[in-house]
Amino acid sequence: MFPHRHLLQIEGLEPPAIGQMLDLAESYVLLNRSGKTQRDLLRGRTLINLFFEDSTRTRTSFELAGKRLGADVINMSVSSSSVNKGETLLDTAATLNAMHCDLLVVRHGESGAPALLAQKVDAAVINAGDGTHEHPTQALLDALTIRRRKGRLQGLTVAICGDVLHSRVARSNIHLLGAMGSQVRVIGPPTLIPSEAASLGVSVFHDMAKGLAGADVVMMLRLQKERMARGLVPSAREFFRFFGLDAEKLAFAKPDALVMHPGPMNRGVEIDSAVADDPARSVIKEQVEMGVAVRMAVLDTLARAEGRPRVRNAP
Ligand code: ASP
Ligand code: CP
């Protein structure tokens, strides 16, 4: 039994809870590949996608995941909602709560916004990315991708590279991979590495050659310009020269190292197309596939969690 009502962050999750979620997601990978669905599982449940920031992968895969499990899925478009008339986040949540939604998937630019909502609504809240804080389902799908390819998480060396400072993906991965026994390194210019990195139990490198040496997994991150108050890198061209992943730099990692990227990619800034599109090394498309399975597992788990009201609007 998953011991939480909401999925707000990876930090604090125990390894058995993470392992259980990955195992369930694994079963959904097989189900999805077989072309079957499980439409009875969440029949009568309502899922609302509430995205205050742009998304391609996360929003679509939560929608697909909900539909494959039989939930009624509503995508609320914030850009055409009453948020534009000045309605606050909490009033928006109270309004959705009054409609008895069961699962609320929230992406927001402020760190902590989903946790705040979780205190105010009856629904199970799932953090789909909050500010620079966490993106828990991304870390779960990354872990599932790695575990399927490498057979384990324990004892692997994972290098997370680029704009770690602004990355909620990096933070969630650091917590998850650390909990599951991987050695995590972060690599980037000093301006893009958070000052608390060492206290998170990771090794810090400012040089790709040294940081990638012996890595089993190379995870690239996008430069999050929308979160940079000022220019923290001289230019995209210079950033690519020192920290962009190309075949030459990838050669420092193990010969069978996986190349990952949460997407969206900025080709030629943090990653070269030749590496991103190399089917022998890149698992970027597989990450997207795992995203649907992981989100099915999360929806299934939270909807069935003990204490959650049973189907209210079933015929
Ligand atoms: N899509 C991921 C996120 O929303 C990573 C990124 O945008 O670079 O955090
Ligand atoms: N990886 C990720 O969260 O992608 P989107 O921003 O497109 O959802």
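Whatever comes next refers back to the structure up there.
Cut-offs used in this document
Along each chain, residue indices are assigned from 1 in the same order as the chain's sequence is written. Lettering of chains starts at A and numbering of ligands starts at 1, both following the order in which they are written. This being a predicted model, a pLDDT of at least 70 is required before a residue's local features are given, and a value of 80 or more before pairs of side-chain atoms are given or counted; all residues contribute to the totals for chains, interfaces and linings. No hydrogens and no water enter the side-chain calculation; it runs on all heavy atoms of the structure. Secondary structure is summarised from DSSP: a helix means a run of H or I of at least four residues, a strand means a run of E of at least two, and numbering begins at the N terminus for each. Radius of gyration here is computed from C-alpha atoms only, and the compact-globule reference equals 2.2 Å multiplied by the residue count raised to the power 0.38. Only protein chains enter the accessibility calculation, which uses a 1.4 Å probe; a residue whose area is less than 20% of its type maximum is buried, one above 50% is exposed, and one in between is partly exposed. Only the protein chains shown count as cover for residues, and all accessible areas are computed by the Shrake-Rupley method using a 1.4 Å probe. Think of it this way: DSSP has to see at least two bridges between two strands before they count as a pair. The axes are straight lines fitted to the C-alpha atoms, using for helices just the contacting stretch, and the angles between their N-to-C directions are given from 0 to 180°. Contacts are assigned to residue pairs that have any heavy atoms within 4.5 Å of one another. Summarising the geometry, the arc corresponds to the directions from the helix axis toward the C-beta atoms. Residues are classed as near a molecule or strand on a simple rule: at least one heavy atom within 4 Å of it. Polar contacts here mean pairs of N or O atoms no more than 3.5 Å apart (in protein, one a potential hydrogen donor and the other a potential acceptor; neighbouring residues in sequence count only if both atoms are side-chain atoms). Convention used here: angles under 35 degrees read as roughly parallel, angles over 145 as roughly antiparallel, angles from 65 to 115 as roughly perpendicular, and any remaining angle as oblique. When residues are grouped by polarity, Ala, Val, Leu, Ile, Met, Phe, Trp, Tyr, Cys and Pro land in nonpolar, Asp, Glu, Lys and Arg in charged, and all others, Gly among them, in polar.

A. Region of interest: the overall build of the protein chain. Along the protein chain, the regular secondary structure elements total eleven helices and nine strands. Taking 315 residues into account, the globule formula puts the C-alpha radius of gyration at 20 Å, and the protein chain, at 19 Å, falls close to it. With the C-alpha coordinates of the protein chain rotated into their principal frame, the extents come out at 60 × 45 × 35 Å. Residues classed as buried in the protein chain amount to 55% of the 315 residues present. Accessible surface, the protein chain as shown: approximately 13500 Å² in total, 52% of it carbon and sulfur.

B. Highlighting the sheet that holds strand S5 (residues 157-161). Read across the sheet, five strands follow the order S7-S6-S5-S8-S9 without closing on themselves; strand pairing throughout is parallel. Each edge of the open sheet carries a strand with a single partner, namely strand S7 (203-205) and strand S9 (258-260). Mean inter-strand twist for the sheet, computed between neighbouring axes without regard to direction, equals 20 degrees. Two strands pair when backbone bridges link them, and strand S6 (residues 183-187) and S7 are joined in this way by three bridges, in the parallel orientation. Note that in S7 the partner of Val-186 across the bridge is Val-204. This element, helix H5 (residues 136-150), spans strand S8 (217-220) and S9 of the sheet and lies at about 165 degrees to S9.

C. Structural context of helix H8 (residues 236-243). For H8, the full list of buried residues reads Phe-239, Phe-240 and Phe-243. Burial along H8 is one-sided: seen end-on, the buried residues are contained in an arc of 100 degrees. With respect to the buried face of H8, the exposed residues turned more than 90 degrees away are Arg-237 and Arg-241.

D. Examining the site of ligand 1 more closely. Around ligand 1 sit Arg-107, His-135, Arg-168, Val-169, Arg-222, Gln-224, Gly-263 and Pro-264, and those are all the residues in its vicinity. One of the side-chain N or O atoms of Arg-107 is found 3.3 Å from an oxygen atom in ligand 1. Gly-263 places a main-chain nitrogen or oxygen 3.0 Å from a nitrogen atom of ligand 1. Protein coverage of the free-state accessible area of ligand 1, which is 260 Å², stands at 93%.

E. Examining the packing of helix H1 (residues 15-34) against H5 more closely. Running from N to C, H1 and H5 point in directions that differ by 75 degrees, and their axes come no closer than 10 Å. With respect to their mutual orientation, H1 and H5 come out roughly perpendicular. Of the residues in H5, those in contact with Ile-18, Gly-19, Met-21, Leu-22, Asp-23, Ala-25, Glu-26, Val-29, Leu-30 and Arg-33 of H1 are Leu-140, Ala-143, Leu-144, Arg-147 and Arg-148. Looking at the contact of H1 with H5 residue by residue, the classes come out as nine nonpolar, one polar and five charged.

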